[in-house]
Amino acid sequence: SGFDVQDCILNLTDAREDSDCTLAVGLDCTSGDPMIPADEGVWDNVRVKRQCLHLSTVLASQLLLVDEVMRAGKQMGRVPEGADDM
């Protein structure tokens with residue numbers, strides 16, 4: 001967003017301490033100033049939920065791939081039917 005990271009973190013820390021650590025403090029992405037998310041109507045972090053959904057699909061795909069590899073490995077050790085006759 002183009003804001004100085006250290007300044008933003010210091011401002012957020014100061015705002016949190018000013019509220020006696022009782023309020024959640026967030027960063028306003030348009031101004032770079034600390035804000036109270038509840039005052040702005042922000043109740044949850046959309047980015048976190050989007051990342052969780054993305055990672056859950058990636059994890060499911062990886063588990064299915066591992067399952068296929070394990071199944072293929074079991075079949076490699078078997079002798080095909082009719083091969084004993086030779």
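Right above here is the structure, for reference.
Nothing here was measured: the structure is a model prediction, and the numbers come from that model.

**Concerning the overall build of the protein chain**
For step 1, the next point in the chain: In terms of helices and strands, the protein chain carries 3 helices and 2 strands.
For step 2, the next point in the chain: Listed N to C, the secondary structure of the protein chain is α-β-β-α-α in terms of helices and strands.
For step 3, the next point in the chain: Relative to its full complement of 86 residues, the protein chain shows a buried share of 7%.
For step 4, the next point in the chain: Within the protein chain, contacts between residues separated by at least 24 positions form 20% of all contacts whose residues are at least 6 apart in sequence.
For step 5, the next point in the chain: Of the accessible surface of the protein chain, which amounts to about 7,600 Å², a share of 58% is contributed by carbon and sulfur atoms.

**Description of the layout of surface pockets**
In this approach the atoms are scanned with a rolling probe the size of a water molecule, which exposes any empty space left behind.
For step 1, the next point in the chain: Approximately 360 Å³ is the volume found for the largest pocket.
For step 2, the next point in the chain: In terms of lining, the largest pocket is formed by Gly26, Leu27, Cys29, Met35, Pro37, Val42, Trp43, Asp44, Asn45, Val46, Arg47 and Arg50.
For step 3, the next point in the chain: For the lining of the largest pocket, the secondary structure elements donating two or more residues are β1 (26-27) and α3 (46-76).
For step 4, the next point in the chain: With 3 residues, α3 is the single largest residue contributor to the lining of the largest pocket.

**Quick notes on the environment of Glu40**
For step 1, the next point in the chain: For Glu40, the position within the fold is in helix α2 (residues 37-40).
For step 2, the next point in the chain: Its relative accessible area of 55% is what places Glu40 among the exposed residues.

Analysis parameters
Residues numbered from 1 in each chain as written. Predicted model: local features only at pLDDT ≥ 70, side-chain atom pairs only at ≥ 80, totals over all residues. Heavy atoms only, no water. Helix = DSSP H or I, 4+ residues; strand = E, 2+ residues; numbered from the N terminus. Buried < 20%, exposed > 50% of the residue type's maximum accessible area, 1.4 Å probe, protein only. Contact = heavy atoms within 4.5 Å. Areas by Shrake-Rupley, 256 points an atom, 1.4 Å probe, with all protein chains shown as cover. 1 Å grid on protein atoms, 1.4 Å probe; cavity = no way out; pocket = protein on both sides within 12 Å on 5 of 7 lines; lining within 4 Å. Points joined across faces, edges and corners; volume = space filled by probe spheres on them.

So far we have only geometry, and geometry alone does not tell us how the molecule works.
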